[in-house]
Amino acid sequence: MIKTLLARAHQGHGTMAFPEGEPPVLPERFRGLPLLDAAKCVEGCRACADACPTQAISIDPTLKLDMGRCIFCAECTSACPEGAITYTKDYRLATRTREALLMEGKGLELASELDRKLHKLFGRSLKLRVVSAGDCNACSADVNALGTIGWDIGRFGIQYVASPRHADGLLITGPVTSNMRLALQKTYDAVPDPKIVIAIGVCAISGGLFATHEEQCGGAGAVVPVDLYIPGCPPHPLTMLDGLLRLIGRIQSDRG
């Protein structure tokens, strides 16, 4: 027991200081908010759009990028001869509407907090039922990471629960496969009103790489109403934590 206590004391405090404290240090290969510079586009060039595996990029008539379809593979940056698309280290990506994820020469409208009634209910205690609706397990792995000592979402009053009847809302990953559609609908119906829904990752937002497959529904929004969209493939735990804290009013929108 003494050795255990000494080892724990030696480890110190492992939880990251967020949202207060120094800005988090992200991996060198991390890709965050994409930036578009349509002025660099050469007339008639479609190299970036043709290289995109999820049709997230369009040029009609100007350069557009749908972050709800983008898997952050950076094939577009490799294909573009003029550098019209670049990826920053900005991890703040969550929005309240699907339309806000459509980028066209404007800043991203970050998620705002719940309305006053819902904020009063969920601002200090938010219980979420996680539903894996056909994901590849990448989003699920990072969702689970939020519960570890490094992130510790429980300190903000956010917890995962086993039953939808004990939940305030759903956290959904995956494109919602055909055999999960009914299960998702029943889980949503079992959550007491009022409730919220959070779509995690590009698959849960639009279907992602599987968007053209006949055995998927094209994301959570095709089955249930969504209140928070967190893009990525998978989204970084910091991106998810930032979005969740904005939803419950612990972080105020500071970019738009």
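Just so we're clear, the structure is a prediction, and the values are computed from it rather than from any experiment.

Looking at a nonpolar patch on the surface
There is a patch of nonpolar side chains on the surface, built from M1, I2, L5 and L6 and spanning about 500 Å² of accessible area. With respect to the helices and strands, L6 occurs in helix α1 (residues 2-11). Residue classification places L6 among the exposed residues on the basis of a relative accessible area of 58%.

Description of unusual backbone geometry
With omega at 5 degrees, the peptide bond leading from F18 into P19 counts as cis. Within the secondary structure, P19 is located in the loop between α1 and β1 (34-36). The amide bond that connects D193 to the next residue, P194, takes the cis arrangement and shows omega of -10 degrees. One can find P194 in the loop between α6 (178-190) and β9 (196-200). The phi dihedral of A74 falls on the positive side, at around 70 degrees, and the residue is not glycine. A positive phi angle, close to 65 degrees, is found at V176, a residue other than glycine. Counting through the fold element by element, V176 comes out in the loop between β8 (169-173) and α6. Assessed through its relative accessible area of 0%, V176 is described here as buried.

Some remarks on the sheet that holds strand β3 (residues 63-66)
Taken in spatial order, the three strands of this open sheet run β2-β3-β5, and their pairing is antiparallel. Both edges of this open sheet fall to β2 (57-59) and β5 (102-103), since each of them pairs with a single strand only. When β3 meets β5, the two strands line up antiparallel, connected through two bridges. When the sheet's bridge partners are listed, L65 is paired in β5 with M103.

What counts, and where the lines are drawn
- Residues numbered from 1 in each chain as written.
- Predicted model: local features only at pLDDT ≥ 70, side-chain atom pairs only at ≥ 80, totals over all residues.
- Heavy atoms only, no water.
- Patch = residues over 30% accessible without salt bridge, like charges linked within 9 Å, V, L, I, M, F, W, Y side chains within 5 Å.
- Areas by Shrake-Rupley, 256 points an atom, 1.4 Å probe, with all protein chains shown as cover.
- Salt bridge = Lys/Arg side-chain N within 4 Å of Asp/Glu carboxyl O.
- Helix = DSSP H or I, 4+ residues; strand = E, 2+ residues; numbered from the N terminus.
- Buried < 20%, exposed > 50% of the residue type's maximum accessible area, 1.4 Å probe, protein only.
- Pairing = 2+ DSSP bridges.

These figures capture arrangement, not role.
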